[in-house]
Amino acid sequence: MTLPVMIVGGGISGLTLAHAMQSAGIDFVLIEGRDRLGGRIFSAGIDGLPSEDGFDLGPSWVWPKMQPVLCSLAERLGIQLFPENDEGDIVFERSASIAPQRFPAFQREPRSMRIKGGTASVVAALKSRIAAEHIRLGTRVTGLARTGGSVSATLEGPGGTAETMEAAIVVLAMPPRLIDRSIKFEPPVDPSLARRWRSTPTWMAPHAKFFAIYEEAFWRRDGLSGAAQSMIGPLGEIHDATTSSGNAALFGFVGVTAAQRRRIGPEPIIQASVEQLVRLFGDKARTPVATLYKDWAADALTATEDDLIAAGHPLPDARPWVSGDWSPVLMLAGSETSITNPGYLEGAAEAALRVAADIERIWQGLPKRSASASTL
């Protein structure tokens, strides 16, 4: 049997597309290599496991005025936002020979907002609206072969089990660079297209985040916002990560390159990060209840070897992501393929809804729109 649509990737893009297909009455299956949904969205509790009121180890901020597609989706799903704490002074660490300095905070515009319950609340809300039989976890697509008017996908399941599945349209809701590295195409995609996929930076892939969780947000009582900038490190940029329910935490982006992190290992970085928080916020920062560390460059379902060197942020590009023999049956819908906000949650939602509109038009017998002419 040939399914109408196969979606590969269970992040925001894949889930948004799956929800759109279900709403349109188009049969589909969603394939996800991890044993959880969300992709680069991962909200964890103090034990490091997925949590309904977690700390965002992946993306954490949204900006409603700048991200209308995502925020409209969140509103339809009943998702609530709350502002990141910016009350109190910020701390700046210039060098090892100069004590950290405090400066009055200034309110940024647009203000950074966060999602109640963690960004994974969006994942949970979408999952709850998709019939369970349409989702397969722990399964990777390793090959795609063009067979007449459809695609034959080679799947690798738990324990290395292999099977094939036919679909009229395959949508890869994945980073283009990861597609190039992990999926074999028959016939091969155009070499220039493959080069473009490889050269597209993967959002989050070069980065690592560190969290220190505390019994209370003591820095607020000390007149600090929890925000800090450091020229020393290992954390370069630090923010208050306290949840909407009041679970107190500070988080920082690790300013050590992915290649260096691989050589050093996580424990020295975690220890040095706690010591840095003590320098910035005082001795109360010395004994966190727990610490969390997520190195996305070490996540094989996010990053490739190319991501060990940060290559900037993906840029909007309205050129087709698929060409030649593959263009009628293969589509890309990861955040990096967005024509408005690549590399953001907004981009993931925009790309998914744009592809969903194209699939619906195909099913209605109408021509697919060009990316430049697409509107949401």
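Residues numbered from 1 in each chain as written. Predicted model: local features only at pLDDT ≥ 70, side-chain atom pairs only at ≥ 80, totals over all residues. Heavy atoms only, no water.

This next bit is on the packing of helix 1 (residues 12–24) against helix 9 (residues 345–363). One can describe the packing of helix 1 onto helix 9 by two numbers: an axis separation of 8 Å at closest approach and a directional angle of 30 degrees. Helix 1 and helix 9 meet at a crossing whose hand is right-handed. When helix 1 is examined against helix 9, the residues I12, S13, T16, L17, A20, M21 and A24 are found in contact with a partner set consisting of L345, A348, A349, A352, L353, V355, A356, I359 and E360. Within the contact of helix 1 with helix 9, the residues separate by chemical class into 13 nonpolar, two polar and one charged. (Axes fitted to C-alpha atoms, helices over the stretch in contact; angles between N-to-C directions. Helix = DSSP H or I, 4+ residues; strand = E, 2+ residues; numbered from the N terminus. Left-handed = near helix turned anticlockwise from the far one by under 90°. Contact = heavy atoms within 4.5 Å. Nonpolar A, V, L, I, M, F, W, Y, C, P; charged D, E, K, R; others polar.)

With that out of the way, let us pick up the sheet that holds strand 17 (residues 248–254). Sheet architecture is open: seven strands sit in the order 7-6-15-16-17-14-18, paired in mixed fashion. A single partner strand is all that each edge strand has here, and the edge strands are strand 7 (101–103) and strand 18 (290–295). Looking at each pair of strands side by side, their axes are set apart by 20 degrees on average, direction ignored. Pairing between strand 15 (residues 224–230) and strand 16 (residues 235–240): two bridges, direction antiparallel. Bridge pairing in strand 16 places Q229 opposite E237. (Pairing = 2+ DSSP bridges.)

Another aspect to go through is the pairing of strand 17. Taking burial as the measure, the seven residues of strand 17 include six buried ones, the bulk of the element. Here strand 16 runs beside strand 17; their pairing, made up of five bridges, is antiparallel. Across the sheet, the residue bridging to E237 is F253, located in strand 17. (Buried < 20%, exposed > 50% of the residue type's maximum accessible area, 1.4 Å probe, protein only.)

Attention now moves to helix 3 (residues 120–128). Since one α-helical turn is 3.6 residues long, residues separated by three or four positions face the same way. All of the buried residues in helix 3 are S121, V122, V123, A125 and L126. Contacts made by the buried residues of helix 3 are with helix 1, helix 2 (68–76) and strand 8 (113–115).

To continue, consider the packing of helix 2 against helix 9. Where helix 2 meets helix 9, the axes come as close as 7 Å, and the angle between the chain directions of the two elements is 80 degrees. One finds that helix 2 runs roughly perpendicular with respect to helix 9. Of the residues in helix 9, those in contact with P68, V69, L70 and L73 of helix 2 are L345, E346, A349, E350 and L353. Taken together, the residues of the contact of helix 2 with helix 9 break down into seven nonpolar, no polar and two charged. (Parallel < 35°, antiparallel > 145°, perpendicular 65-115°, else oblique.)

Parsing the chain into structural domains produces domain 1 (1–80 + 116–205 + 299–371) and domain 2 (84–115 + 208–295). Between the C-alpha centres of domain 1 and domain 2 the distance comes to 31 Å. Taken together, the contact between domain 1 and domain 2 spans 29 residues of the former and 27 residues of the latter. Between domain 1 and domain 2, a total of about 2,400 Å² is buried, with carbon and sulfur atoms accounting for 63% of that surface. Our count for the domain 1 to domain 2 interface comes out at two salt bridges. Counting the contacts that link domain 1 with domain 2 gives eleven residue pairs in polar contact (both at pLDDT 80 or more). Counting only elements with at least two residues in the side of domain 1 that touches domain 2, the list comes to strand 4 (55–56) and helix 3. (Domains from an automatic or database assignment. Buried area = accessible area lost by both parts, 1.4 Å probe. Salt bridge = Lys/Arg side-chain N within 4 Å of Asp/Glu carboxyl O. Polar contact = N/O pair within 3.5 Å; in protein donor to acceptor, adjacent residues only side chain to side chain.)

Moving on, we get to the pairing of strand 15. Where burial is concerned, most of strand 15 is hidden: six out of the seven residues are buried. Here strand 6 (residues 89–93) runs beside strand 15; their pairing, made up of four bridges, is parallel. Each bridged residue has a counterpart across the sheet, and for F92 the counterpart in strand 15 is Q229. Taken together, strand 15 and the strand that follows it, strand 16, pair antiparallel across an intervening segment of four residues, in which G233 is found at a positive phi of about 90 degrees.

A separate point is unusual backbone geometry. Looking along the chain, the bond that leaves E186 and enters P187 is cis, with omega of 5 degrees. Positionally, P187 belongs in the loop between strand 13 (184–186) and helix 5 (191–199). For M204, which is not glycine, the phi torsion reads 80 degrees and is therefore positive. Along the chain, the position of M204 falls in the loop between helix 5 and strand 14 (208–214).

Within the secondary structure, S150 is located in strand 11 (residues 150–156). Residue S150 is classed as buried on the basis of its relative accessible area, which comes to 12%. Ignoring anything within four residues of it in the chain, the contact list for S150 reads T2, A145, E166, A167 and A168.

With that settled, the discussion passes to helix 5. Listed in full, the buried residues belonging to helix 5 are L193, A194, R196 and W197. The arc enclosing the buried residues of helix 5, seen along the axis, measures out at 160 degrees, which places them on a common side. Its buried side turned inward, helix 5 meets helix 4 (176–182), strand 13 and strand 19 (330–332). (Arc of directions from axis to C-beta.)

The subject of this paragraph is the packing of aromatic side chains. Under the definition given, this model contains eleven aromatic pairs. Measuring from centroid to centroid gives 5.2 Å for F251 and F253, while their planes differ by 75 degrees, and the two rings are edge-to-face. Taken together, the ring pairs in this structure connect F55, W61, W63, F211, F251 and F253 into an aromatic cluster. The cationic tip of K209 hangs over the ring face of F251; the distance from NZ or CZ to the ring centre is 4.4 Å. K294 extends its terminal NZ or CZ atom over the ring of W296, reaching a point 4.6 Å from the ring centre. (Phe/Tyr/Trp six-rings, centres within 6.5 Å; stacked < 30°, edge-to-face > 60°. Lys NZ or Arg CZ within 6 Å of the ring centre and 35° of its normal.)

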